[in-house]
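Structure assessment
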Amino acid sequence: MPNLSQRMAETVKKLDSQSLANSKYYKGGFEQRMTRREASLILSVSPTASKSKVKEQFKKVMAVNHPDRGGSPYIAAKINEAKDLLEK
């Protein structure tokens, strides 16, 4: 166990904020009022994506995050809001 904790401490020291900043996940929280940029980040589409592309991505993202499959109702609501905003 002492070796494990020592190796964990060394590994954490090696991680710098730059390597974490380059993660594929968005690091910010939700904005008060959803923007097209935020909606496109949620659905992983361009802010100018076609309705068919938005619908396709919505189905993929919602399938993974649906509350009936263990997802968060809040996240599902945000996904729905993003789809509605981008389809306008």
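The structure contained in this document is the topic of the report that follows. (Residues numbered from 1 in each chain as written. Predicted model: local features only at pLDDT ≥ 70, side-chain atom pairs only at ≥ 80, totals over all residues. Heavy atoms only, no water.)

By size, the foremost hydrophobic cluster in this structure holds 14 residues, and its most contacted members are Ile42, Leu43, Val45, Val54, Ile79, Ala82 and Leu86. In contact with isoleucine 79, other than residues within four places in its own chain, are Ile42, Leu43, Phe58, Val61, Met62 and Asn65. (Core = buried A, V, L, I, M, F, W, Y, C linked by side-chain atoms within 4.5 Å. Buried < 20%, exposed > 50% of the residue type's maximum accessible area, 1.4 Å probe, protein only. Contact = heavy atoms within 4.5 Å.)

Another aspect to go through is the packing of helix 3 (residues 36-43) against helix 5 (residues 73-87). Interaxial distance between helix 3 and helix 5 falls to 9 Å at its minimum, and their mutual angle equals 120 degrees. By the criterion of interaxial angle, the relationship of helix 3 to helix 5 is oblique. Helix-helix and strand crossings are classified by hand; for helix 3 and helix 5 the assignment is left-handed. In this structure, helix 3 contributes Arg36, Ala39, Ser40, Ile42 and Leu43 to the contact, and helix 5 contributes Lys78, Ile79, Ala82, Lys83, Leu85 and Leu86. Residues belonging to the contact of helix 3 with helix 5 are distributed by class as follows: seven nonpolar, one polar and three charged. (Axes fitted to C-alpha atoms, helices over the stretch in contact; angles between N-to-C directions. Helix = DSSP H or I, 4+ residues; strand = E, 2+ residues; numbered from the N terminus. Parallel < 35°, antiparallel > 145°, perpendicular 65-115°, else oblique. Left-handed = near helix turned anticlockwise from the far one by under 90°. Nonpolar A, V, L, I, M, F, W, Y, C, P; charged D, E, K, R; others polar.)

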